Amino acid sequence: MVRLKNHLGAIEISQNFFVNLVGSTVTSCFGVAAMAVSHPAAGFWNRLKGLSEDTRGVKVRQRGSGLVIDLHIIVTYGVNISAIVKSIMHKVSYTVEDITGIHVEHVNVFVDGMRTN
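Being a predicted model, the structure only gives us computed values, none of them experimental. (Residues numbered from 1 in each chain as written. Predicted model: local features only at pLDDT ≥ 70, side-chain atom pairs only at ≥ 80, totals over all residues. Heavy atoms only, no water.)

Caption draft 1: View of helix 1 (residues 15-27). Between its first and last C-alpha, helix 1 extends 18 Å over 13 residues, near the 18 Å set by a 1.5 Å rise per residue. For helix 1, the set of buried residues is F18, V19, L21, V22, G23, T25 and V26. If you follow the buried residues of helix 1, they end up packed against strand 1 (2-6), strand 2 (9-13), strand 3 (32-35), strand 4 (58-63), strand 5 (66-76) and helix 3 (81-100). (Helix = DSSP H or I, 4+ residues; strand = E, 2+ residues; numbered from the N terminus. Expected span 1.5 Å × (residues − 1). Buried < 20%, exposed > 50% of the residue type's maximum accessible area, 1.4 Å probe, protein only. Contact = heavy atoms within 4.5 Å.)

Listed below in structure tokens is the structure:
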């Protein structure tokens with residue numbers, strides 16, 4: 001849960017909202033074949049929670065007044081990985097800041113695999 005306080009009161013945004021927002025943003029990027037599981041137990045727990053395949057490699061945490069987002073992805077074979085990663089970093093930062101108004105400090109992208117199809 002991300003909590004923000006201002007002169008009007010407190011705002012709470014659920015982790016599930018961020019995971020779905022970021023997951024759909026990343027999977028819409030060119031060259032991303034799928035999201036990857038950050039560790040083996042995460043896949044099991046995500047299925048129990050009912051999270052979709054798009055959201056399983058996303059972790060959002062609050063640092064001060066900003067957000068740090070970790071992404072685990074699988075890329076399509078033959079694409080320029082550094083270009084894809086830069087594109088994802090910019091698109092995720094822009095989308096989250098545009099929709100929520102919360103500053104994104106870092107977007108960390110981990111390429112965990114490659115698919116040939």
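And the narrative resumes.
Caption draft 2: Region of interest: the packing of aromatic side chains. A full pass over the atoms with the stated rule returns 1 aromatic pair. Here the aromatic rings of F17 and F18 are separated by 5.8 Å at their centres, their planes lie at 70°, and the arrangement is edge-to-face. Residue classification places F17 among the partly exposed residues on the basis of a relative accessible area of 37%. We classify F18 as buried; its relative accessible area is 0%. (Phe/Tyr/Trp six-rings, centres within 6.5 Å; stacked < 30°, edge-to-face > 60°.)

Caption draft 3: Focus on the environment of L21. By secondary structure assignment, the location of L21 is in helix 1. Sequence separation between L21 and T95 is 74 residues, and the spatial gap between their C-alpha atoms is 8.3 Å. Those residues in contact with L21 that sit more than four places away from it in its chain are T95, V96 and I99.

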